[in-house]
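In case you want the letters, here they are:
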Amino acid sequence: MPRHTKIVATLGPASSDPQVLERMVHAGVDVVRMNFSHGKAEDHVARAEAIREAASLAGRPVGILADLQGPKIRVGKFAEGQVELQRDAGFILDARCELGNAERVGLDYKDLPKDVKAGDVLLLDDGRLKLTVARVIGHEIHTVVKVGGTLSNNKGINRQGGGLTAPALTAKDMDDIKTAAKIGVDFVAVSFPKSAADMYMARQLMRASGVDALLIAKIERTEAVANLDEILDASDGIMVARGDLAVEVGDAAVPALQKKMIRAARDRNKLTITATQMMESMITSPVPTRAEVSDVANAVLDGTDAVMLSAETASGRFPVEVVEAMSRVCLEAEKSSDVALDRDVLNRVFTRIDQSIAMAAIWTAWHLKVKAIASLTQTGSTALWMSRLNSGVPIYALTPEASARNQMTLYREVFPLLMSQTHQDRDVLLWEAEQILIDQGVVERGDLIVLTIGEPIGASGGTNTLKIVRVGEHLPPHVSDL
Ligand SMILES: Nc1ncnc2c1ncn2[C@@H]1O[C@H](COP(=O)(O)OP(=O)(O)OP(=O)(O)O)[C@@H](O)[C@H]1O
Ligand SMILES: CC(=O)C(=O)O
Ligand SMILES: [K+]
Ligand SMILES: [Mg+2]
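Residues numbered from 1 in each chain as written. Chains lettered and ligands numbered in written order. Predicted model: local features only at pLDDT ≥ 70, side-chain atom pairs only at ≥ 80, totals over all residues. Heavy atoms only, no water.

*Asks:* Can you tell me about the overall build of the chain, naming the residues and giving the values?
*Replies:* Along its length, the chain carries 18 helices and 22 strands. Its C-alpha radius of gyration of 24 Å places the chain within 12% of the 23 Å reference for a compact globule of 482 residues. Summarising its shape, the C-alpha atoms of the chain cover approximately 85 × 50 × 45 Å along the three principal directions. Burial analysis of the chain (482 residues in total) assigns 57% to the buried set. Within the chain, counting contacts between residues at least 6 apart in sequence, those at least 24 apart form 68% of the total. Summed over all atoms, the accessible surface of the chain reaches about 20,200 Å², with 51% contributed by carbon and sulfur. (Helix = DSSP H or I, 4+ residues; strand = E, 2+ residues; numbered from the N terminus. Rg over C-alpha atoms; globule rule 2.2 N^0.38 Å. Buried < 20%, exposed > 50% of the residue type's maximum accessible area, 1.4 Å probe, protein only. Contact = heavy atoms within 4.5 Å. Areas by Shrake-Rupley, 256 points an atom, 1.4 Å probe, with all protein chains shown as cover.)

Right under this line is the structure:
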């Protein structure tokens, strides 16, 4: 059985070498993430070319996700690169400071002093340092260090409980969307959205730049958790961005939120990526900890579409081994994933014919214990509906559209394949689909498969036919002459 949960790997200095990329793809990377918070536009463009090369060598699509930096609020730089903050000492965040020292540091978001008040708790460097606001005097935020340590250049700032108002899309993000257009990315992830309006704005900017990508909302702010339903409606999927989320809502709240978000996304036919520190110790160690193995397995059991690697593959020592380890853990966890088809659809009414066919196909495939579903799809929507049920039956999605094929790399249980649509005859196309599955080694003569197709051929949204066939038994008469 192929692995059903997808693996997203962040690219960086440790994964720029074409040979390393090739080995990572071989180990099972489905989607690569370009983090626009780091590196230059040219680096991302060069890595995109290298990954396309590696994918074509592997004979399998690899999706590309552009993760925008967003309004992450950061401290400025220090004259010495870093300072030591001592517990109970005073420290000033000063919107007008150019170069920091042990007494004060600058801010990249100049309006921060307007957003905070005495008593607020500020967390720096993903929560490693903690400051409380004593008072705000003009452009200066005077704080007292509660948890000290080393603070270095450009570390992030969050407010406990959320509520900072920086807009979700910055001028840099708008430039980066143009780079994403140049690369031809398949997914764009928006950092720190607060509401559906932020996602509508991102979609408009993408369209204006000619980006045809699925839009992912990173849930990493308190407000985004509160507005989850409207954000889901405005997006194609979400990322459970546990790094910043844990800082805003408290780390202990994150596991339950992860489960709730994955469930909510599935119910609305949306995608999910579970991210951050999944195999963190493998940045420097060749094997994961027991806790990390459990974390990845639990995300699989929660029903996530994909699990993500960050610094593990971007700057870690074992970019290939970590993909192998993650893949192994996903495969094992999938064996005990719970299937609840009846519960999932029992009280639902479908208004669309194609959606009803998708549900019927999954139901039939599961109860007949077929080896595979083959779905001839234009945009991938039939495959998306099928994959939301988590049936455990692999769905081979055959599409003539390269963009649909690449976007389906993120869908759990879906294996996208390119298929030419030269014939207008349904039976010939179905026969071709069967041949592709045989060539891929997915099925052999005598196996049962479930097929879905729409007529007229080539129109999107038209899936209206479900067929169950035994592979190799019924060649259409005019095809047997081919
Ligand atoms: N393209 C890159 N170039 C250099 N280092 C990178 C790159 N991508 C990631 N890294 C390194 O890996 C670490 C973790 O990666 P990740 O993508 O989670 O970044 P991050 O800094 O936590 O993201 P952000 O601060 O934007 O939320 C980064 O802090 C950085 O040190
Ligand atoms: C991925 C990311 O941005 C986070 O976890 O915060
Ligand atoms: K980012
Ligand atoms: Mg983040």
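*Asks:* Let's hear about the environment of V300: which residues, and what values?
*Replies:* Here V300 shows up in helix 10 (residues 290-302). Discounting residues that sit within four places of it in the chain, V300 has contacts with T5, C330, A333, E334, S337 and R412.

*Asks:* Break down the packing of aromatic side chains for me, with residues and values.
*Replies:* The description of an aromatic ring pair rests on the distance of the ring centres and on the angle between the ring planes. Under the criterion given, the structure shown has one aromatic pair. Positioned above the aromatic ring of F415 is the side chain of K6, whose terminal nitrogen or guanidinium carbon lies 5.5 Å from the ring centre. (Phe/Tyr/Trp six-rings, centres within 6.5 Å; stacked < 30°, edge-to-face > 60°. Lys NZ or Arg CZ within 6 Å of the ring centre and 35° of its normal.)

*Asks:* Could you give an account of the coordination of the magnesium ion (ligand 4), naming the residues involved and the relevant values?
*Replies:* All of the protein donors around the magnesium ion (ligand 4) are E220 (OE) and D244 (OD); their distances to the metal are 2.0 to 2.1 Å. Separated by 24 residues along the polypeptide, E220 in the loop between strand 14 (214-219) and helix 6 (222-226) and D244 in helix 8 (residues 242-249) bring together distant segments of the chain. The exposure classification of E220 matches that of D244, with both residues buried. (Donors = N, O, S within 2.8 Å, 3.2 Å for Na, K, Ca; no water.)

*Asks:* Describe in detail the coordination of the potassium ion (ligand 3), supporting the description with residues and values.
*Replies:* Protein coordination of the potassium ion (ligand 3) is provided by N35 (OD1), S37 (OG), D67 (OD) and L68 (O), with donor distances spanning 2.7 to 3.1 Å. Spacing between the donor residues of the potassium ion (ligand 3) along their common chain follows N-x1-S-x29-D-L. Taken together, the residues N35 in strand 2 (residues 31-35) and L68 in the loop between strand 3 (63-67) and strand 4 (73-74) connect sequence positions 33 residues apart. Given a relative accessible area of 13%, N35 falls into the buried group.

*Asks:* Please provide a residue-by-residue account of the side chain of T272, values included.
*Replies:* Take T272: it is sitting in strand 16 (residues 271-275). Ignoring any residue separated from it by four or fewer positions in sequence, one finds T272 in contact with I238, M261, I262, A265, G303, T304, D305 and A306.

*Asks:* Could you give me a rundown of the packing of helix 8 against helix 9 (residues 254-267), with the residues and numbers involved?
*Replies:* Between helix 8 and helix 9, the shortest axis-to-axis distance is 10 Å and the interhelical angle comes to 120°. Comparing their axes, helix 9 and helix 8 come out oblique. In this structure, helix 8 meets helix 9 at a crossing whose hand is right-handed. Where helix 8 abuts helix 9, its residues R242, L245, A246 and V249 lie against V254, L257, Q258 and M261. (Axes fitted to C-alpha atoms, helices over the stretch in contact; angles between N-to-C directions. Parallel < 35°, antiparallel > 145°, perpendicular 65-115°, else oblique. Left-handed = near helix turned anticlockwise from the far one by under 90°.)

*Asks:* Please provide a residue-by-residue account of the sheet that holds strand 19 (residues 395-399), values included.
*Replies:* Taken together, five strands build an open sheet; the order of strands is 20-19-18-21-22 and the sheet is mixed. Among the strands making up the open sheet, the edge pair consists of strand 20 (414-418) and strand 22 (463-470). This sheet shows a mean twist of 20° between the axes of neighbouring strands, independent of strand direction. Contacting strand 18 (372-376), strand 19, strand 21 (448-454) and strand 22, helix 14 (residues 353-368) runs over the sheet at an angle of about 20° to strand 22. Each of strand 18, strand 19, strand 20, strand 21 and strand 22 touches helix 17 (residues 426-439); the most contacted strand, strand 21, lies at about 135° to it. (Pairing = 2+ DSSP bridges.)

*Asks:* Quick one: what's the story with the sheet that holds strand 17 (residues 306-309), residue by residue and with numbers?
*Replies:* If you walk around this closed barrel you meet the eight strands as 1-2-3-13-14-15-16-17, and the pairing is parallel. When the angles between neighbouring strand axes are averaged without regard to direction, this sheet yields 25°. Two elements, strand 15 (residues 237-241) and strand 16, share five bridges in a ladder whose sense is parallel. Along strand 16, the bridge assignment pairs A241 with A275. Sheet contacts for helix 5 (residues 196-208): strand 13 (187-190) and strand 14; angle to strand 14, the most-contacted strand, approximately 145°.

*Asks:* How would you summarise helix 4 (residues 171-183) if you had to cite specific residues and measurements?
*Replies:* The α-helix advances 3.6 residues per turn, and as a result positions three or four apart in sequence lie on the same side. If you check helix 4, its first and last C-alpha atoms are 19 Å apart, about what 13 residues at 1.5 Å a residue would give, namely 18 Å. All of the buried residues along helix 4 are D173, D176, I177, T179, A180 and I183. Along helix 4, the residues classed as buried sweep out an arc of 160° about the axis, all on the same side. For helix 4, exposure combined with an orientation more than 90 degrees from the buried face picks out A171, K178 and K182. Where helix 4 is buried, its residues touch strand 2, helix 2 (41-58), strand 3 and helix 5. Following helix 4 by one or two positions, G184 adopts a phi angle in the positive range, close to 80°. (Expected span 1.5 Å × (residues − 1). Arc of directions from axis to C-beta.)

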